[in-house]
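# Fold and geometry: a report
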Protein chains: 2
Amino acid sequence: MAKYSIGIDFGTLSGRALLVNVENGEELATAVYDYPHGVMDEALPCKKKLPPDWALQNPKDYLEVLSITIPAVIKESGIDANDIIGVGVDFTACTILPVKADGTPLCFLDQFKEEPNAYVKLWKHHAAQDKANQLNEIAKATHQEWLARYGGKISSEWVFPKVWQILEESPEVYEQTDYILEAADWIIWQLTGVQTRNSCTAGYKAIWHKQDGYPPKDFFKALHPRLETVVEDKLNCPISPLGSKAGEINEFAASLTGLKVGTAVAVGNVDAHVTVPAVKIDGPGKMLAIMGTSTCHILLSTKEQTVPGMCGVVEDGVYPGFFGYEAGQSCVGDHFAWFVENCVSAEYYEAAKSDGLDIHQYLTKKAEKQKPGQSGLIALDWWNGNRSILVDVDLTGLIVGMTLHTKPEEIYRALIEATAYGTRKIIETFREHGVPVDEFYASGGISQKNPMAMQIYADIIKVPIKIGGASQGPALGSAIFGTVAAGSNIGGYDNIIEAGRKMGKLRDTIYSPIPENTVIYDQLYAEYSALHDYFGRGTNDVMKRLKEIKKLQSK
Amino acid sequence: MAKYSIGIDFGTLSGRALLVNVENGEELATAVYDYPHGVMDEALPCKKKLPPDWALQNPKDYLEVLSITIPAVIKESGIDANDIIGVGVDFTACTILPVKADGTPLCFLDQFKEEPNAYVKLWKHHAAQDKANQLNEIAKATHQEWLARYGGKISSEWVFPKVWQILEESPEVYEQTDYILEAADWIIWQLTGVQTRNSCTAGYKAIWHKQDGYPPKDFFKALHPRLETVVEDKLNCPISPLGSKAGEINEFAASLTGLKVGTAVAVGNVDAHVTVPAVKIDGPGKMLAIMGTSTCHILLSTKEQTVPGMCGVVEDGVYPGFFGYEAGQSCVGDHFAWFVENCVSAEYYEAAKSDGLDIHQYLTKKAEKQKPGQSGLIALDWWNGNRSILVDVDLTGLIVGMTLHTKPEEIYRALIEATAYGTRKIIETFREHGVPVDEFYASGGISQKNPMAMQIYADIIKVPIKIGGASQGPALGSAIFGTVAAGSNIGGYDNIIEAGRKMGKLRDTIYSPIPENTVIYDQLYAEYSALHDYFGRGTNDVMKRLKEIKKLQSK
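What counts as what
Residues numbered from 1 in each chain as written. Chains lettered and ligands numbered in written order. Predicted model: local features only at pLDDT ≥ 70, side-chain atom pairs only at ≥ 80, totals over all residues. Heavy atoms only, no water. Pairing = 2+ DSSP bridges. Helix = DSSP H or I, 4+ residues; strand = E, 2+ residues; numbered from the N terminus. Axes fitted to C-alpha atoms, helices over the stretch in contact; angles between N-to-C directions. Contact = heavy atoms within 4.5 Å. 1 Å grid on protein atoms, 1.4 Å probe; cavity = no way out; pocket = protein on both sides within 12 Å on 5 of 7 lines; lining within 4 Å. Points joined across faces, edges and corners; volume = space filled by probe spheres on them. Nonpolar A, V, L, I, M, F, W, Y, C, P; charged D, E, K, R; others polar. Phe/Tyr/Trp six-rings, centres within 6.5 Å; stacked < 30°, edge-to-face > 60°. Buried < 20%, exposed > 50% of the residue type's maximum accessible area, 1.4 Å probe, protein only. Lys NZ or Arg CZ within 6 Å of the ring centre and 35° of its normal. Least-squares fit on C-alpha atoms with pLDDT ≥ 70 in both. Parallel < 35°, antiparallel > 145°, perpendicular 65-115°, else oblique. Left-handed = near helix turned anticlockwise from the far one by under 90°. Buried area = accessible area lost by both parts, 1.4 Å probe. Salt bridge = Lys/Arg side-chain N within 4 Å of Asp/Glu carboxyl O. Patch = residues over 30% accessible without salt bridge, like charges linked within 9 Å, V, L, I, M, F, W, Y side chains within 5 Å. Areas by Shrake-Rupley, 256 points an atom, 1.4 Å probe, with all protein chains shown as cover. Lys, Arg positive; Asp, Glu negative; His and termini not counted. Charge placed at Lys NZ, Arg CZ, Asp CG, Glu CD. Core = buried A, V, L, I, M, F, W, Y, C linked by side-chain atoms within 4.5 Å. Disulfide = S-S within 2.5 Å.

## Focus: the sheet that holds strand β22 (residues 506-511) of chain B
All names here are of chain B. As summarised here, the arrangement of the seven strands in space is β16-β17-β15-β14-β20-β21-β22, forming an open sheet in which the pairing is mixed. Of all strands in the sheet, those bounded by a partner on one side alone are β16 (312-315) and β22. Neighbour to neighbour, the strand axes of the sheet diverge by 25 degrees on average, direction disregarded. Pairing between strand β14 (residues 286-291) and strand β15 (residues 295-301): four bridges, direction antiparallel. The partner of M291 across the bridge, within β15, is T295. Sheet contacts for helix α13 (residues 408-432): β14, β15, β17 (323-329) and β20 (439-443); angle to β17, the most-contacted strand, approximately 150 degrees. Along the sheet, helix α15 (residues 451-461) contacts β14, β20, β21 (465-468) and β22; its crossing angle with β21, the most-contacted strand, is approximately 145 degrees.

In structure tokens form, the structure reads like this:
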């Protein structure tokens, strides 16, 4: 009798369930549910206005994802719920919420319905930036050793700046809160009745280390006297490695979802990190790039190294038994979207329309006729700052080489090339610091939709690129983790590597570097590197000074 | 009885006559004639194809300008031709043609009708670039002193590269040619029967110096043995200072134009240089910028100085008795045209249309709401290389500071600002090398049509800007020179300064620097200068290397 697994992927605007065959990862059914409250960045449901940079969600929407999509995929696939052996969940991160001791979100209480700090703070909630700045200053001044594990900087998107914001702005919410936790872990709690935290978000987002634990009390005290005991007060919970079982579907969850009581549930995970087994990555040296509006890079190693500018290194943070490294580029798909929205002529839009192409396809059709370097252009891909390896949000975009004959498709291609140079910079930095990168895997929309972009990437990074084959990489990854939570005794797998090898999916197409292109791109990458260092490492801080003037003049 | 003067301005696509009152420059009539042959850049009239980079004209068209526009303005104004005391002519330059001893163009001879090198080589004929390169190499290797007067480089647009091309490619044309001269001087010859050459084009385009004459024979011999005597063989003719009389209308010209025999004719002039009296410039320290697709800067001084990167310094080259300096920016209006053609979204075109504005007006309306520096952008205005002060056609455009929020109007404004920084760089370079610039005048379309651009220029160069008031600056300038050729005895003027003061025109509006803007623009100009030197003076020759790769990959 075939066995099945369900992966549930909570995105920014919707949640999705995917039901797959445990033997081979075959997709039997999928269902999507758009969050009714979406991203609340202007007002609460009660119409109370939110200040700029806020981004909240309502956890009620997450429960509805469970109650709607899981029954839908069971029904659509026509299988017996008894044959579903495991469930995995991944989520955006760092996406956190304050809850009571029984798991009730504070925003569900009448008392806090109109209090923004009682809601879920979504990953892209940026209103704690001043807290992040203060935290980084104090961490640097007090020589916190853990800072190096995060490229020297803690993001305003992560746990402690957001927690500090709650304390500072809404001390009563903070007081009434028993736990502050990732939405991923909260969902697992709802499904199993067990509160446990996953090592991935604990490590990458909450400054937790398997040996050293959280930062010392002195450090938290220096932020705010009441934060001295923040870990005991609000984060007090065991941490489980990825690949382990969090618990089993309880009666509440069974009635909500139609799953059977006792079905294994994996510990929570993050959408990027969970994709690794979905592309069959089975060990160190194999970098995965999840390419969307931005790109996230995940890489395993057997050693813990300090790599400048990475987003974090966490033991058990991706696969148990390995150190998981994360790096990122903050502007990839967003970059191309900016370009087509702002800089492509009406003539091109009309031509695209009459050719029956969307504007990206039309530009690609024109750009793929060019040879490397034929445009004479080079760009620095910093329209949204540089995450890895410079960790500097104040850097901005640059393009050089325009003439009166420069065409939009040439600029478009130059922007794609720029993001590929950025990826090569990340790969080389890992290698230079003792973390090998021997293979390269890509998933996400761009990797599946734009062969020209992927060939450019292969030519620039000089490593063949394999493309994830699942229609929904994160959901498949979650389903794979679900089978490991179930274990081989009941038809699942005993470890994530084996499960990924069986259930992961790659396309047949591999993009291999074209030798004559790599010769030219090596030259262009040398130019990129010179500009990267000149503008990014302090020789000429013109980008930062321009930003200062911009701020001053925008007041 | 009122007296009148006619100015005839030969442009790239048409010729224009303007009839004005000598007392005050009042415009009474104007007439335009489009050259029937236009610019021949693809084929000769006989359909013979032309190679790339050629740009020829047919001198027959010039004669038709005389025979059509002069009678037209006399008729339209209703005045008596006896009251027209002077005629002036200006032309594009360097625009040259080979002629027989009697002035007959070689292309008029049946024998050479199908020979491209027998036609007028228009200023933008660029097919002699390899000759210019060789000439510059030899000049540098043999330490020619005159090279410094031209910013260290002779352009392929100028006389000797074009003459050398005739010799090399069509030795028979060269053999049969008695004179090679500027079209301006040929027109004067047609009007007066007298061959004389103007000191302006002789100096700026034919490497002539009032004291030293032409370059030495040794130099020409090093180019080609037959060029050793090129000056005696083909340029042998007296040179007259600007502001002097070339001769008088002869019977041929009278019958052609309806002017009276004996009417004074000024020596020929160049369209940019002739505009100086039309804006009332009456002495040293007053820079005129003629702003069109490119910008040309003209400045008088009492001293001959070597200024790096200027286009030339010529005694009597603008006004008699002064050293005339020329500098230039190779991409101004062209820059903005490139931007709106390639980089402005369909949405903006539609919005402009529904507001009843052209796209430049629409972008300006949006851009003028911004404060200096508010966009966070800086550009280097080198889309078409840098003429002054770097004299380097291999430099290319750069823009820095983009974010995902950058809008087209911000880039548009940054490009305008970039050209203004380029102008400030030219002004400062003159000042640093002993040529004062105390006042600034602008003429040409941009100066009259775009108040935002002119305010930006004033704020950046920190000098008030006066705007030429004539509808046709060059034609008015030619008419003014015509009155000086006539002299005061018959109702004209005895010198160009007096004539310009009376007949020149300025608008009432003066753009004065706004103090709070100059503070910000000083900071931004410092950033521009740092980038200018980094990319333009050899610290990082990335632009040139990219061009090399581009050439290689375009083969």
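## Structural notes on empty space enclosed by the protein
For the structure shown, the criterion picks out five cavities of 30 Å³ or more. Taken as a whole, the largest cavity encloses approximately 170 Å³ of empty space. Taken together, 16 residues form the lining of the largest cavity, with I399(A), I411(A), C343(B), I399(B) and I411(B) sitting closest to its centre. Those elements that place two or more of their residues in the lining of the largest cavity are α10 (333-342), β19 (397-402) and α13 (408-432) of chain A together with α10 (333-342), β19 (397-402) and α13 of chain B. Taken together, the residues of the lining of the largest cavity sort by class into 16 nonpolar, no polar and no charged.

## Structural notes on the packing of aromatic side chains
Geometry of an aromatic ring pair is reported as the spacing of the ring centres plus the angle between the planes. Within this structure, the stated rule accounts for 40 aromatic pairs over all chains. An angle of 70 degrees between the planes, with centres 6.3 Å apart, marks the rings of Y421(B) and Y521(B) as edge-to-face. Here Y421(B), found in helix α13, pairs with Y521(B), found in helix α18 (residues 515-536); they are 100 residues apart in sequence, far enough to count as distant. We note that Y421(B), like Y521(B), is buried. Every member of this aromatic cluster is reached through a ring pair, and the members are F10(A), Y35(A), Y62(A) and F91(A). For K234(A), the ring lying beneath its charged end belongs to Y174(A), and the centroid distance is 4.5 Å.

## Considerations on the relation of the copies chain B and chain A
The transformation that overlays chain B on chain A combines an axial shift of 0.1 Å with a rotation of 180 degrees, and the residual RMSD is 0.1 Å. Given the turn and translation reported, the copies of this chain are related as if by a two-fold rotation axis.

## Notes on the sheet that holds β19(A)
The strand order β18(A)-β19(A)-β19(B)-β18(B) describes an open sheet built from four strands, whose pairing is antiparallel. Only two strands of the sheet have a single partner each, and these edge strands are β18 (378-380) of chain A together with β18 (378-380) of chain B. Neighbour-to-neighbour, the strand axes of this sheet turn through a mean angle of 10 degrees, independent of strand direction. Looking at chain direction, β18(B) and β19(B) are connected through three bridges and run antiparallel. Within β19(B), the position partnered with L380(B) by the bridge is L398(B).

## Some details on the packing of helix α18 (residues 515-536) of chain A against α18(B)
Relative orientation and spacing of two packed helices are given, respectively, by the angle between their axes and the distance between those axes. Closest axis-to-axis distance for the α18(A)/α18(B) pair is 14 Å, and the angle between their directions is 155 degrees. Considering their axes alone, α18(A) and α18(B) lie roughly antiparallel with respect to each other. Crossing of α18(A) against α18(B): the hand is right-handed. Residues A530(A), L531(A), Y534(A) and F535(A) of α18(A) form the contact with α18(B), whose participating residues are A530(B), L531(B), Y534(B) and F535(B). When its residues are assigned to classes, the contact of α18(A) with α18(B) shows eight nonpolar, no polar and no charged.

## Side note on the interface of chain B and chain A
At the interface, 54 residues of chain B touch 54 residues of chain A. Between chain B and chain A, a total of about 4,500 Å² is buried, with carbon and sulfur atoms accounting for 61% of that surface. When residues of chain B are sorted by the area they lose upon contact with chain A, L404(B), L546(B) and Q553(B) head the list and together hold 15% of the total. Here chain B is connected to chain A by two salt bridges.

## A word on α10(B)
Of all ten residues that make up α10(B), seven are buried, and the element is covered over most of its length. The set of residues buried in α10(B) consists of G333(B), H335(B), F336(B), W338(B), F339(B), V340(B) and N342(B). In this structure, the buried residues of α10(B) make contact with β19 and α13 of chain A together with α11 (346-355), α12 (359-367), α13 and α14 (445-449) of chain B.

## Let's talk about the pairing of strand β1 (residues 4-10) of chain A
Residue and element names in this part refer to chain A. The buried fraction of β1 is high, at seven of seven residues. Of the two faces of β1, the one lined by Y4, I6, I8 and F10 and the one lined by S5, G7 and D9 are each fully buried. One ladder, built from seven bridges, connects β1 with strand β2 (residues 14-21); its direction is antiparallel. Paired with G7 across the strands is L18, a residue of β2.

## Some remarks on a negative patch on the surface
Taken together, the side chains of E341(A), E347(A), E350(A), E341(B), E347(B) and E350(B) present a region of like negative charge at the surface. Where the negative patch is concerned, the elements lending two or more residues are α11 (346-354) of chain A together with α11 of chain B. Within the fold, E350(A) resides in helix α11.

## Some details on the pattern of salt bridges
Counted under the stated rule, the structure contains 48 salt bridges over all chains. Where D316(A) meets K210(A), a salt bridge forms, and the shortest distance between an N and an O atom there is 2.8 Å. Pair noted here: D316(A) is in the loop between β16 (312-315) and β17 (323-329) and K210(A) is in the loop between α6 (199-205) and α7 (217-223), with a separation of 106 residues, a long-range link. A salt bridge links K551(B) to E548(B); the nearest nitrogen and oxygen atoms lie 3.8 Å apart.

## Describing unusual backbone geometry
Residues and elements named next belong to chain A. The omega torsion across A93 and C94 is -5 degrees, close enough to zero to call that bond cis. Non-glycine residue K280 carries a positive phi angle of around 70 degrees. Residue classification places K280 among the partly exposed residues on the basis of a relative accessible area of 28%. Its identity is not glycine, yet D316 carries a phi of approximately 65 degrees, on the positive side. You can call D316 buried: its relative accessible area is 6%.

## Brief notes about the nonpolar core
Core analysis: the biggest nonpolar cluster contains 154 residues, and F430(A), F535(A), F430(B) and F535(B) have the highest contact counts within it. If near-sequence neighbours (up to four positions away) are discounted, F535(A) is found in contact with L380(A), W382(A), L395(A), L398(A), N540(A), D541(A), V542(A), M543(A), L531(B) and F535(B).

## Things to note about the state of the cysteines
Applying the stated criterion across every chain yields a total of zero disulfides over all chains. Free of any disulfide, C331(A) has its nearest cysteine sulfur in C343(A), 12 Å distant. For C331(A), a relative accessible area of 2% puts it in the buried group. Of all cysteine sulfurs in the structure, the one in C94(B) sits closest to C237(B), which takes part in no disulfide; the separation is 15 Å. Its relative accessible area of 13% is what places C237(B) among the buried residues.

## Topic: the side chain of T518(B)
When you line up the elements, T518(B) lands in helix α18. Apart from the residues within four sequence positions on either side, T518(B) is in contact with D459(B), K462(B) and P513(B).

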